[in-house]
Amino acid sequence: MEVFRLTVPEAFKQLESQPEGLSFREARQRLKDFGFNALPEEKGLSPFWLLGKQFTHFFALLLGVGAGLAFIGEVIRPGEGMGTLGWAILGVIVINAVFAFWEEYRAEKAIQALKKLLPDQVRVRRGGEVISIDAIEVVPGDIMLLEEGDKIPADGRVLISNLLTVNNAALTGESLPLSRDVDDPEAMDPLRAKNMVFAGTYVVSGNGEALVTATGINTEFGKIAKLTVCIKQDLSPFQKEISKVSQWIAVLAVTMGVLFFWIGMAMGRDIFSTVLFALGIIVANIPEGLLPTVTLALSMASFRLAKQNALVKDLNSVETLASTTVICTDKTGTLTQNRMTVQKVFCNNRVLKLTDEGMEELRDPSSEQTREALTRLLEAAALNVRVTLKGEEVRGDPTETALLQAFLRWDNRGQESLTTREKIGELPFSGERKQMSTLYREAGEIVLYTKGAPEVILEHSTQIWSDGIIRPLDDTDRKKIQEEIQAFAQEALRVLGIAYRRLGTMETTLANSRKDNPGNSFLTNKVITANDLEQDLVFLGFVGLADPPREGVIEAVNQCHRAGIRVIMVTGDNPATGMAIGRQIGLEKPDKPLIPIHSEDMAQMSDESLKEILRTQNPLFARLTSRDKLRIVSLLKELGEVVAVTGDGVNDAPALKRADIGIAMGLSGTQVAKEAANMVLVDDHFQTIVKAIEEGRTVYFNIKKFMTYILASNVPEILPYLAFFLFRIPLGLTIIQILSIDLGTDMLPALALGAERKEPYVMLRPPIGPQERLLDRQVVCRGFLFLGLIEGIGALVVFLSYLSLHGWQYGQELAFNDPLYQQATTMTLLSVITTQIANGLTLRSWQASPWQLGFWNNHLLLWGIGLELVLGILFMYFPPLQRILGTAPIDLKYGWLLLPFPFLLFVLHEGLKGWIRKNKDFYFNPL
């Protein structure tokens, strides 16, 4: 039988324990039988495995084959640079692997630093003694002693409750504190049972004792964690896209290499030159710098996100953000402040807003009577709380903390007023009375202050404070008050009535009662009862409390809507609270009203029915369990949505892992949630998610820019080989020179394009759809057929012009070590470098001109251009590089050959962009 249904003696019997606790010997035996009170951690990936997998992707394997062929060529024809080429290609593989490995390893270590699961120490009773033990040593049958602020280390059945309240948000998502009692005969579900406490939650106020019923993986916390481990994560959209790009380029490169190898053999070429040519075609087609540049661009984006309080665990998540179509977000702490505050007050027959502006208006001299009424009400509320005030820090129940803070914010001398009162007794809250009262000695008489359900306080009141006097409470007052209570409730405010009563000459009776029940309750005194005291009250008014939206959330939600991203609230709180917050932050639209769906309603729906709601309506899900959230995410993914999910509790972990991108809370999140997520918000703010999406989209389009940039340089690398093969002219660019471009001069400018500022359309267009491709028609046409063709023609013209100016004639063969040939290939190399400088300047934006962007605000690009020029000079004049690359010094008088084509490329591309600005929708046609 489930423990929450058992009486205390029956629970002791079932768990073979007793009020004195387990004996020390029995506790040691149970620790052996049940194991440590800890969740089995998912085994981390070995650094060697992380590094090793970087060498097994398609690009790396293809380049490895190329390196192998180069080494074979070195064996067959030594001294012709093939060995150098092989080592250079291996260097490409290693560089990319190291970059990718370091980012994954660094993120893994950063997440490990966030791990905080259960408390280190817990107080238990064993053998009749109260001792402190490590939390991992708690076993079923132990008796836990719980105090305010404690994290609860294991599931337990409540044995004693002294106003014990807990926060179960980490497990259920419900933000309000929940009172715990010894018995709950009406309980049907352990998570809703008032006589149970759970691992991973914490004590808000009060104290008590609980009999441990489950530890480790057998706790409710552990069951959900186990469910999380069983969920398989899919490849991210960006991983799929990069895989497609890699395969497309690789297939093209290999196909061209094999095709021209057989053509060469058919034309009677010797095997070595044909293999060299085929290898050159493959190397020229493969943008060796693409993957390192993508890795570095994502790494820089993750660094920028970290500065905006978003810690990315794996680099591909940056780009998944660009494709996000739906955000399933928790309410408490993400959309709201996770801090109860007094929003509104009804007093002196007026509704007052306790905003900074509202308080300032009340300080006007004409509002003297209203100010006095508000001061009395807030002071009465603040006197009737059980919180600890340490300097400016307030500890205790969130609702009572809010009442105290409201008074201190309103009255600068409030703290002095509270500390000079003598508290002599308390009538604690009970479910039957629905109110709580405290008693103070003031000027020789006893004053009772009370708060509770407004209808109860109103029923017990016979007078009201109004316009500076106390007068009888009539039917008109009651009707007005009831209407305002209803109005507050419709705004999903938590409403508390406030009243007081002067008890006068009852001091002796109260003192005697206090001796019998020190510091606590009068309920058991036979002379006087709570019902006797909590009558004939003076009604001061009532307060409306809520957890307000975070600053910036409304604009962030609006940004999501403009960007074509749906925001769906999935909360463990009640529907009314969720609806009120949803309307405040803009989740409700004129054409799509919010539709609250309770967990119980979901249970009655088929998957198809729920899919239809998700597809066509604007739902808000409340009181959800972990399986409910997982179901919602799974169905959204079946509908083709790219889903981001936020969460902080263990109940969120399965959905976080199933989502395309799981986003855990860094401040309030549990270890299980953080481990299941792809990204951790250091500040728990929804606005940070929107910034991350903006960054993801920016990087996506920047990757398209530098892919265009890199692919453009592939054409002048390929054309010399085709001309060499088809027209029997000298080879205009060697393989090792191609690598000096791909891994040398192109790298930093390409990376600078990846770090370019966002363009205006980024958050004004729909998410990156499944049909959109990184290597799409526009990138291919602009990179290969437009910019690349200009560069390729320019490279051949410069190469042949230089040869012709030095007496070369068609059909004349040149040896690889011929000074004229080395100078001519150096000119080809310089031609590619100079046209790529112009290409980098004009590719900073798909549409905007450099004058609109500003020439000097991308500092990394300026450094990149500077590096290109320095490398060009070193290629010509630095002997070690001359030997490796086969280059030679060039007389400066031939520099004019390099000028026309960069200028032509820049002017023609800016002309194309001007035409796009004039003839296309700037925002929704980003290419």
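Residues numbered from 1 in each chain as written. Predicted model: local features only at pLDDT ≥ 70, side-chain atom pairs only at ≥ 80, totals over all residues. Heavy atoms only, no water.

Section: the side chain of Gln737
Okay, step 1: You can see Gln737 is positioned in helix α28 (residues 735-745).
Okay, step 2: Among the polar contacts made by the side chain of Gln737, one reaches the side chain of Thr825 at a distance of 3.3 Å.
Okay, step 3: A distance of 3.1 Å separates a polar side-chain atom of Gln737 from the backbone oxygen of Leu885.
Okay, step 4: Excluding anything up to four places from it in sequence, Gln737 contacts Thr825, Leu829, Leu885, Gly886 and Thr887. (Helix = DSSP H or I, 4+ residues; strand = E, 2+ residues; numbered from the N terminus. Polar contact = N/O pair within 3.5 Å; in protein donor to acceptor, adjacent residues only side chain to side chain. Contact = heavy atoms within 4.5 Å.)

Digging into the packing of helix α31 (residues 819-842) against helix α35 (residues 900-919)
Okay, step 1: Between α31 and α35, whose axes approach to 8 Å, the crossing angle comes to 20°. In terms of axis orientation, α31 runs roughly parallel to α35. Of the two elements, α31 crosses α35, and the hand of that crossing is right-handed. Taking contact as the criterion, the partners of Thr834, Thr835, Ala838, Asn839, Leu841 and Thr842 in α31 are, on α35, Phe901, Pro902, Leu905, Phe906, His909, Glu910 and Lys913.
Okay, step 2: Counted by class, the contact of α31 with α35 contains six nonpolar, five polar and two charged residues. (Axes fitted to C-alpha atoms, helices over the stretch in contact; angles between N-to-C directions. Parallel < 35°, antiparallel > 145°, perpendicular 65-115°, else oblique. Left-handed = near helix turned anticlockwise from the far one by under 90°. Nonpolar A, V, L, I, M, F, W, Y, C, P; charged D, E, K, R; others polar.)

Considerations on a nonpolar patch on the surface
Okay, step 1: On the surface, a cluster of nonpolar side chains totalling about 480 Å² of accessible area is made up of Val65, Leu69, Ile72, Val75 and Ile76.
Okay, step 2: Residue placement: Leu69 occurs in helix α4 (residues 58-76). (Patch = residues over 30% accessible without salt bridge, like charges linked within 9 Å, V, L, I, M, F, W, Y side chains within 5 Å. Areas by Shrake-Rupley, 256 points an atom, 1.4 Å probe, with all protein chains shown as cover. Salt bridge = Lys/Arg side-chain N within 4 Å of Asp/Glu carboxyl O.)

Quick notes on the side chain of Thr745
Okay, step 1: With respect to the helices and strands, Thr745 occurs in helix α28.
Okay, step 2: On the accessibility criterion, Thr745 (1% relative accessible area) is buried.
Okay, step 3: With near-sequence residues (within four places) excluded, Thr745 lies in contact with Tyr709, Ser740, Ile833, Glu868, Leu871 and Phe875. (Buried < 20%, exposed > 50% of the residue type's maximum accessible area, 1.4 Å probe, protein only.)

A short note on the pattern of salt bridges
Okay, step 1: The final tally for this structure, using the stated rule, is 33 salt bridges.
Okay, step 2: A salt bridge links Arg126 to Asp142; its shortest N-O distance comes to 2.7 Å. Remark: Asp142 occurs in the loop between β2 (129-134) and β3 (143-146) and Arg126 occurs in strand β1 (residues 121-126); sequence separation between them is 16 residues. Considered together, Arg126 and Asp142 belong to a single accessibility category, that of buried residues.
Okay, step 3: Close ionic contact of Lys913 with Glu910 constitutes a salt bridge, the shortest N to O distance being 2.9 Å. Taken together, the residues Lys913 and Glu910, both in helix α35 and three residues apart, mark about one turn of the helix.

Looking at the environment of Ile72
Okay, step 1: Along the polypeptide, Ile72 turns up in helix α4.
Okay, step 2: With a relative accessible area of 47%, Ile72 lands in the partly exposed category.

Remarks on the sheet that holds strand β8 (residues 310-312)
Okay, step 1: Judged by pairing direction, the sheet is mixed, and its six strands sit side by side in the order β8-β26-β25-β24-β9-β21 without closing on themselves. Two strands close off the open sheet at either side, each with one partner strand: β8 and β21 (566-569). Across this sheet, the average inter-strand angle for adjacent strands is 20°, counted without regard to direction.
Okay, step 2: Pairing of β8 with strand β26 (residues 679-681), which is carried by three bridges, proceeds in the antiparallel orientation. Bridging from a neighbouring strand, Leu311 pairs with Val680 of β26.
Okay, step 3: Packed on one face of the sheet, helix α11 (residues 316-323) meets β8, β25 (661-665) and β26 and runs near 105° to β25. (Pairing = 2+ DSSP bridges.)

What about the packing of helix α10 (residues 290-307) against helix α27 (residues 686-727)?
Between two packed helices, the angle of one axis relative to the other and the distance separating the axes together describe the packing.
Okay, step 1: For the pair α10 and α27, the least separation of the axes is 10 Å and the interaxial angle reads 155°. Here α10 lies roughly antiparallel to α27, going by the angle between them. As for the relative orientation of α10 and α27, their crossing is right-handed in sense. Contacts between α10 and α27 pair Leu290, Thr293, Val294, Ala297, Leu298, Ala301, Arg304 and Leu305 from the former with Lys691, Ala692, Glu695, Val699, Ile703, Phe706, Met707 and Ile710 from the latter.

Observations concerning the pairing of strand β18 (residues 469-472)
Okay, step 1: With four bridges connecting them, strand β17 (residues 461-466) and β18 associate as antiparallel partners. Counterpart to Ile464 in the pairing with β18 is Arg471.
Okay, step 2: In this structure, the hairpin formed by β17 and β18 is closed by a connection of two residues, where Asp467 is found at a positive phi of approximately 55°.

Remember that the coordinates give geometry; whether it matters functionally is a separate question.
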